Amino acid sequence: MEVLVPFSADRPKSRLADALSPSERATFARTMLADVLAAIDRAGGDPHVLATDEFDPSDGPVAGGPSPPVTVDDRPLTDAVNAVLAERRPGGEGDPLAVVMADLALATPAAFDRLFAGHAGGDGRDRSGAPDVSIVPGRGGGTNALVVSHPRFRVDYHGASYLDHRRIADEVGATVRTVDSHRLATDVDERSDLAELLIHGDGAAAAWLREAGFSLDADGGRVGVVRE
Ligand SMILES: Nc1nc2c(ncn2[C@@H]2O[C@H](COP(=O)(O)OP(=O)(O)OP(=O)(O)O)[C@@H](O)[C@H]2O)c(=O)[nH]1
Ligand SMILES: C[C@H](OP(=O)(O)O)C(=O)O
């Protein structure tokens, strides 16, 4: 299955400005991207990066790993993803298309395998009974991942996009499966999300955080992070 991975190459992770410098945010975003691409690849997905600017996936902070094709489209996220959906027509002439955000730093191959299950995509899996659209809700009402098998479904990101996507699916007559996954529901946007990565992450991004001096702060209330 083709897996579109939107990536803000030129202006990443502004909400982490209170924890990381601009250059650190760029490196951290690329490191999370590398973890996500590796997990997709190991789940049998075929990643394709949709980036805001040119960059070379093979020339980054993480050696090795997949070096997927990169399409550059500097339009806003929603417009860029909808242009691909309109061209591919997944579930029409085209195979199902997954859309997975590049900041799902806890994602594992098993989590992606559960998401892809049932949506045939040239892998011969039986689609009988499969949903037209699978949605992975993110923290704060977002949409962390989708699998689309309906030619008229379109995205509308930001805000309570999970609810927007359920409405859009209803409007086009698409059946929906909501995928409840702790690992795929955790997108790393803000300082508080870094604790999740230190607790549950075992990839390059978690290692990068530790090497940058971050550790858990469990002194009172919800666990956070401190930086030495
Ligand atoms: N192609 C593309 N990807 C985007 C765009 N904005 C965000 N993304 C990617 O979409 C996913 C979700 O991004 P957000 O967390 O909303 O935005 P972000 O740029 O990572 O972080 P913030 O600057 O804090 O909003 C991440 O994989 C981003 O790299 C965009 O305008 N175009
Ligand atoms: C992509 C977007 O992320 P957020 O802006 O909510 O972090 C969304 O989930 O709709």
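If you're wondering where the values come from, they're calculated on a predicted model, not measured in any experiment. (Residues numbered from 1 in each chain as written. Chains lettered and ligands numbered in written order. Predicted model: local features only at pLDDT ≥ 70, side-chain atom pairs only at ≥ 80, totals over all residues. Heavy atoms only, no water.)

(A) How the structure looks around the confidence of the model for the chain. When pLDDT is averaged across the chain, the result is 94; 96% of the residues are at 70 or more. Per the prediction output, this complex has pTM 0.95; the corresponding ipTM is 0.97. (pLDDT = per-residue confidence, 0-100.)

(B) Molecular detail of the site of ligand 1. Among the 17 residues in the neighbourhood of ligand 1, the closest are listed as Ser8, Lys13, Ser14, Arg15 and Asp189. In this structure, Asp189 approaches ligand 1 through a side-chain N or O atom, which is 2.9 Å from an oxygen atom. When atom positions are compared with the pocket grids, ligand 1 is found to occupy the largest pocket. Broken down by class, the residue content of the shell around ligand 1 amounts to seven nonpolar, four polar and six charged. (Near = heavy atom within 4 Å. Polar contact = N/O pair within 3.5 Å; in protein donor to acceptor, adjacent residues only side chain to side chain. 1 Å grid on protein atoms, 1.4 Å probe; cavity = no way out; pocket = protein on both sides within 12 Å on 5 of 7 lines; lining within 4 Å. Sits in = over half its atoms within 2 Å of the grid points. Nonpolar A, V, L, I, M, F, W, Y, C, P; charged D, E, K, R; others polar.)

(C) Inspection of a nonpolar patch on the surface at higher detail. Together, Ile199, Leu216 and Val223 give the surface a local cluster of nonpolar side chains, amounting to about 220 Å² of exposed area. Mapped onto the elements of the fold, Val223 is located in the loop between strand E8 (214–217) and strand E9 (224–227). Its relative accessible area of 32% is what places Val223 among the partly exposed residues. (Patch = residues over 30% accessible without salt bridge, like charges linked within 9 Å, V, L, I, M, F, W, Y side chains within 5 Å. Areas by Shrake-Rupley, 256 points an atom, 1.4 Å probe, with all protein chains shown as cover. Salt bridge = Lys/Arg side-chain N within 4 Å of Asp/Glu carboxyl O. Helix = DSSP H or I, 4+ residues; strand = E, 2+ residues; numbered from the N terminus. Buried < 20%, exposed > 50% of the residue type's maximum accessible area, 1.4 Å probe, protein only.)

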